[in-house]
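This is what each chain is made of:
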Amino acid sequence: MDQVKCAVIGLGSRGYSILEWLLLKMDNVRVTAVCDKYQDRMERGVDSVLRAYGEKPFASTDYREVLDSGKAEAVFILSSWDNHIPAALYAMERHVATAIEVGGAYKLEDCWNLVRTQQRTGTPFMFLENCCFGETEMLVLNMVRQGLFGDVMACSGGYMHDLRGEITHGRENRHYRLENYLGRNCENYPTHELGPIAMVLNINRGNLMTSLVSMGTASRGLNEYARRCSSVDKSLATAHFAQADIVETLISCAGGQVIRLTLDTTLPRYYSRGFTVHGTKALFSGENNTFFMDRTDDQEGELPFHMNNHDEFAEKYRHPVWKKYIAEGVRGGHDGMDGLVYDRFVECVRLGLPCPIDVYDAAAWMAITPLSEWSLAHGSAPVEIPDFTEGKWKTAKPVEF
């Protein structure tokens, strides 16, 4: 097939931008159905498809009607976090190739249901973690696989993004984050750097995350923000927010490594994913965009290095995927990561190839959210991370991008 007939479920800020600025411009995609539970968002999606193609798509406010319609071979589930797994299960039962946007799960049982349903139906499935396709993340992955880092012993990263405005205006903007922050305390958005770290450490493919412990601060940032900002509902100034301002999660791995994740979204700060990889021969620090390479001799004293030297290494070790991408033209948002991850799913469906970020990855990464919630609720107690592969990780091969 030259084009894959695709449905888009969820047309809020993220979903609509993906539809308008990416999917409708992709030669290998034909958007044939759109859905959002809000009528006005659904109609805006219809109008976008009409402008692009000259014909209206099938449309509904009920994702089940879209998936039952027979109009789509594949579906992009870009709706709120709580809808990702239910819609994915429904899609896979109908053998509609399924891709879901990122976010944590609500219950561990949901992660197991995702795995069991994909195993039973055989429906193609991909988790759309765009940061796995980031230029820097793939550069470091390429260097790790060439042995330049030696044995990787520790990795860290997270989602460090000032979202106070988005959260506190959640009701008027119909955004799901506000209710989550009022009612839950967890590592709610674990995958942006856990995904790339999992690729570096070969998680589910020769290595496994085995347990975690989470710690959180008090919750003060959103109350303070609501007090100071005139546009924010003043009831939020005294509301009880369950979500800690900062959550730190430590994850142990079967191979002897440690992963540290940080969620930091309700205090003033600059954006960072903090991607850091530390091996026996080298360090990459995303905070200052610097590679620190061990010397090969036995001289004593401090090792010389240069700050912000990322570009030097990128010229020499850029991942082949990005060499090709730059030559052909970078597309999509988030510095081109969106274009790569969405195109890869479509090409896997079109050519019958295995998806590089599979259902086992999705289950393991999304499970960090309910497991961290349990750990925080039990005084930062350690908790086991299930092996969703049920032993297959021991012989599975690393992802080939």
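Cut-offs used in this document
- Residues numbered from 1 in each chain as written.
- Predicted model: local features only at pLDDT ≥ 70, side-chain atom pairs only at ≥ 80, totals over all residues.
- Heavy atoms only, no water.
- Salt bridge = Lys/Arg side-chain N within 4 Å of Asp/Glu carboxyl O.
- Helix = DSSP H or I, 4+ residues; strand = E, 2+ residues; numbered from the N terminus.
- Buried < 20%, exposed > 50% of the residue type's maximum accessible area, 1.4 Å probe, protein only.
- 1 Å grid on protein atoms, 1.4 Å probe; cavity = no way out; pocket = protein on both sides within 12 Å on 5 of 7 lines; lining within 4 Å.
- Points joined across faces, edges and corners; volume = space filled by probe spheres on them.
- Nonpolar A, V, L, I, M, F, W, Y, C, P; charged D, E, K, R; others polar.
- Core = buried A, V, L, I, M, F, W, Y, C linked by side-chain atoms within 4.5 Å.
- Contact = heavy atoms within 4.5 Å.
- Axes fitted to C-alpha atoms, helices over the stretch in contact; angles between N-to-C directions.
- Parallel < 35°, antiparallel > 145°, perpendicular 65-115°, else oblique.
- Left-handed = near helix turned anticlockwise from the far one by under 90°.
- Polar contact = N/O pair within 3.5 Å; in protein donor to acceptor, adjacent residues only side chain to side chain.
- Pairing = 2+ DSSP bridges.
- Right-handed = clockwise from strand over helix to strand, strands pointing away.
- Phe/Tyr/Trp six-rings, centres within 6.5 Å; stacked < 30°, edge-to-face > 60°.
- Lys NZ or Arg CZ within 6 Å of the ring centre and 35° of its normal.

## Some details on the pattern of salt bridges
Enumeration over the complete set of coordinates arrives at 26 salt bridges. Its salt-bridge partner being Glu137, residue Arg273 comes within 2.9 Å of it at the nearest N-O pair. With Arg273 in the loop between strand S10 (258-264) and strand S11 (276-279) and Glu137 in helix H6 (residues 135-145), this pair connects stretches of sequence that are 136 residues apart. Neither Arg273 nor Glu137 differs from the other in exposure class; each is buried.

## Notes on the layout of surface pockets
Considering only enclosed or pocket space, the largest pocket measures out at about 1,200 Å³ in volume. Going through the elements one at a time, helix H1 (13-21), helix H4 (81-93), helix H8 (170-173) and helix H9 (177-183) are the ones with two or more residues in the lining of the largest pocket. Considering each element in turn, the lining of the largest pocket owes the most residues, 4 residues, to H4. Partitioned by chemical class, the residues of the lining of the largest pocket number 16 nonpolar, 17 polar and 13 charged.

## Things to note about the nonpolar core
Grouped together as the largest cluster of nonpolar side chains are 128 residues, with contacts concentrated most on Val31, Phe76, Phe149, Met209, Tyr342, Phe345 and Trp365. In this view, Met209 contacts Leu194, Ile203, Ile251, Ser252, Cys253, Ile259, Ala364, Trp365, Ile368 and Ile385; residues no more than four positions away in its chain are not counted.

## Here we look at unusual backbone geometry
The residue Arg174 is not glycine, and still its phi comes out positive at about 55°. By the secondary structure assignment, Arg174 is in the loop between H8 and H9. Judged by its relative accessible area of 32%, Arg174 is partly exposed. Unlike most non-glycine residues, Asn308 shows phi in positive territory, near 55°.

## Let's talk about the environment of Lys107
Take Lys107: it is sitting in the loop between strand S5 (97-100) and helix H5 (108-121). Separated by 90 residues in sequence, Lys107 and Ser17 have C-alpha atoms that sit 29 Å apart.

## Considerations on the packing of H6 against helix H10 (residues 191-200)
Two elements in contact, H6 and H10, have axes whose closest approach is 9 Å; the angle formed by their N-to-C orientations is 15°. The pairing of H6 with H10 is recorded here as roughly parallel in orientation. The interaxial crossing formed by H6 with H10 has right-handed handedness. Two secondary-structure elements touch here, H6 through Glu137, Leu141, Val144 and Arg145 and H10 through Glu193, Pro196, Met199 and Val200.

## Quick look at the side chain of Glu101
Among the structural elements, Glu101 can be located in the loop between S5 and H5. In this structure the side chain of Glu101 is engaged in a polar contact, spanning 2.8 Å, whose partner is the side chain of Tyr342. In this view, Glu101 contacts Arg14, Ile77, Leu78, His84, Phe127, Leu128 and Tyr342; residues no more than four positions away in its chain are not counted.

## Things to note about the side chain of Ser60
By the element assignment, Ser60 lies in strand S3 (residues 58-60). The exposure class assigned to Ser60 is buried, which follows from its relative accessible area of 5%. Of note is the side chain of Ser60, whose polar atom sits 2.7 Å from the side chain of Glu65. Contacts of Ser60, omitting those with residues within four sequence positions, involve Val34, Cys35, Asp36, Met42, Glu65 and Val66.

## Topic: the pairing of strand S4 (residues 74-77)
The two faces of the sheet receive side chains in turn, since in a regular strand these alternate between them. Side chains Ala74 and Phe76 project from S4 onto one buried face, and the interleaved Val75 and Ile77 project onto a second face that is buried too. In the sheet, S4 pairs with S5 via 4 bridges, with the strands oriented parallel. Each bridged residue has a counterpart across the sheet, and for Val75 the counterpart in S5 is Thr98. A crossover links S4 with its parallel partner S5, the connecting element being H4, and its sense is right-handed.

## Some points on the packing of aromatic side chains
The final tally for this structure, using the stated rule, is 15 aromatic pairs. With a centroid separation of 5.9 Å and an interplanar angle of 35°, the aromatic rings of Trp81 and Tyr189 are classed as tilted. Here Trp81, found in helix H4, pairs with Tyr189, found in the loop between H9 and H10; they are 108 residues apart in sequence, far enough to count as distant. Since its relative accessible area comes to 3%, Trp81 is described here as buried. Between Arg174 and the ring centre of Tyr38, over which it is positioned, the NZ or CZ distance is 4.4 Å. For Arg269, the ring lying beneath its charged end belongs to Tyr270, and the centroid distance is 4.8 Å.

## Looking at the sheet that holds strand S2 (residues 29-35)
The 6 strands are arranged S3-S2-S1-S4-S5-S6 in an open sheet whose pairing can be described as parallel. Two strands bound the open sheet, and with one partner strand each, they are S3 and strand S6 (125-127). Across the sheet, the mean angle separating the axes of adjacent strands is 20° when strand polarity is ignored.

## Examining the packing of H6 against helix H12 (residues 310-317)
Running from N to C, H6 and H12 cross one another at 65°; their axes reach a closest spacing of 10 Å. The element H6 and its partner H12 pack so that their crossing is left-handed. Within the contact between the two elements, H6 uses Thr136, Leu139, Asn142 and Met143 and H12 uses His310, Phe313, Ala314 and Tyr317. Of the residues belonging to the contact of H6 with H12, the class tally is 5 nonpolar, 3 polar and no charged.

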